[in-house]
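Notes for the structure review
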Amino acid sequence: WLEAAEQGAAFPPRTGADIGSTAAPLLEGNGAGLDMPRSNNTSEKLKRNLSRASASTVNPSAKKEIEVQDHDHIFWIGDTNSRLHWPGKLGGMPLGRAIQKVEERRIGELLALDQLNMMRRDGLAFDDFREQPIFFLPSYKWRPGYDELDMRSQKHVPAWCDRVLWRSTKRPAAEASLYNVHLGLKQSDHRPVFAVF
């Protein structure tokens with residue numbers, strides 16, 4: 001079943017696999033970035049959000065409640081509000097360094113400081129979830145209507161807030177063939193991220 005968590009809807013896929021998705025928010029942003037100690041409750045917040053998102057889902061054939069983690073394939077798509085961590089500095093990486101690395105397309109160096117990657121590495125969030133390697137520009141903070149990142153102040157440090165993560169419990173496992181940011185949709189300060197499976 002494919003769940004639209006915010007609407008509580010379920011749609012049977014044609015593949016016969018059970019697919020779960022949720023759009024529950026993971027973290028609240030504070031405009032200046034998140035500090036790692038405050039983010040340590042991410043794992044518990046993820047569990048609560050998964051439970052809340054799946055509480056009303058019922059499999060019509062089994063007549064029982066199904067939790068998101070009971071599905072064969074689970075997709076988490078949305079804004080994680082993760083920022084670029086910088087030890088001892090609220091607001092994350094210093095803006096000047098971030099601008100230089102973005103302009104030089106030093107994506108790997110920036111992603112090494114990505115809070116979501118750090119939390120996943122340390123087992124604090126998204127255990128057993130996968131993410132396709134990122135080779136695209138940050139999805140946040142863009143100037144709406146323009147083709148440029150908004151890097152005017154420390155609270156506008158670019159980051160990969162918008163992500164697609166997945167977990168498969170059955171084989172064949174879901175595999176992403178494409179993961180990118182759509183730079184042509186300019187209505188927001190976020191550029192949408194997409195994945196093709």
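Refer to the structure printed above.
Residues numbered from 1 in each chain as written. Predicted model: local features only at pLDDT ≥ 70, side-chain atom pairs only at ≥ 80, totals over all residues. Heavy atoms only, no water.

**Looking at the packing of aromatic side chains**
Note the following rule: Pairing of aromatic rings covers Phe, Tyr and the six-membered ring of Trp, with a centre-to-centre limit of 6.5 Å; geometry is then stacked below 30 degrees between planes, edge-to-face above 60, and tilted otherwise. The way it works is that DSSP assigns letters per residue, a run of H or I at least four long becomes a helix, a run of E at least two long becomes a strand, and they are numbered from the N terminus. A simple rule labels every residue: compare its accessible area, found with a 1.4 Å probe on the protein chains alone, to the largest value its type can have, and call it buried under 20%, exposed over 50%, or partly exposed in between.
One pass over the structure, following the stated rule, counts five aromatic pairs. Where Phe75 meets Phe197, the ring centres are 4.9 Å apart and the plane angle is 75 degrees; that geometry is what we call edge-to-face. Linking Phe75 in strand E6 (residues 73-79) with Phe197 in the segment after strand E9 (193-196), this pair joins segments that are 122 residues apart in sequence. The class of Phe75 is buried, set by a relative accessible area of 12%.

**Regarding the side chain of Asp150**
The test is simple: Under the rule applied, a polar contact is a pair of N or O atoms within 3.5 Å (in protein, one hydrogen donor and one hydrogen acceptor; residues adjacent in sequence only if both atoms are side-chain atoms). Any pair of residues with heavy atoms lying within 4.5 Å of one another is described as a contacting pair.
Topologically, Asp150 is positioned in the loop between helix H4 (115-121) and strand E7 (162-168). A polar side-chain atom of Asp150 sits 2.7 Å from a polar atom in the side chain of Arg152. Residues in contact with Asp150, not counting those within four places in the same chain, are Lys141, Trp142, Arg143 and His156.

**Digging into the environment of His156**
Within the secondary structure, His156 is located in the loop between H4 and E7. Every residue in contact with His156, bar those within four places of it in the chain, is listed here: Leu95, Lys141, Asp150 and Met151. Looking at His156, its side chain comes within polar contact range of the side chain of Asp150, at 3.5 Å.

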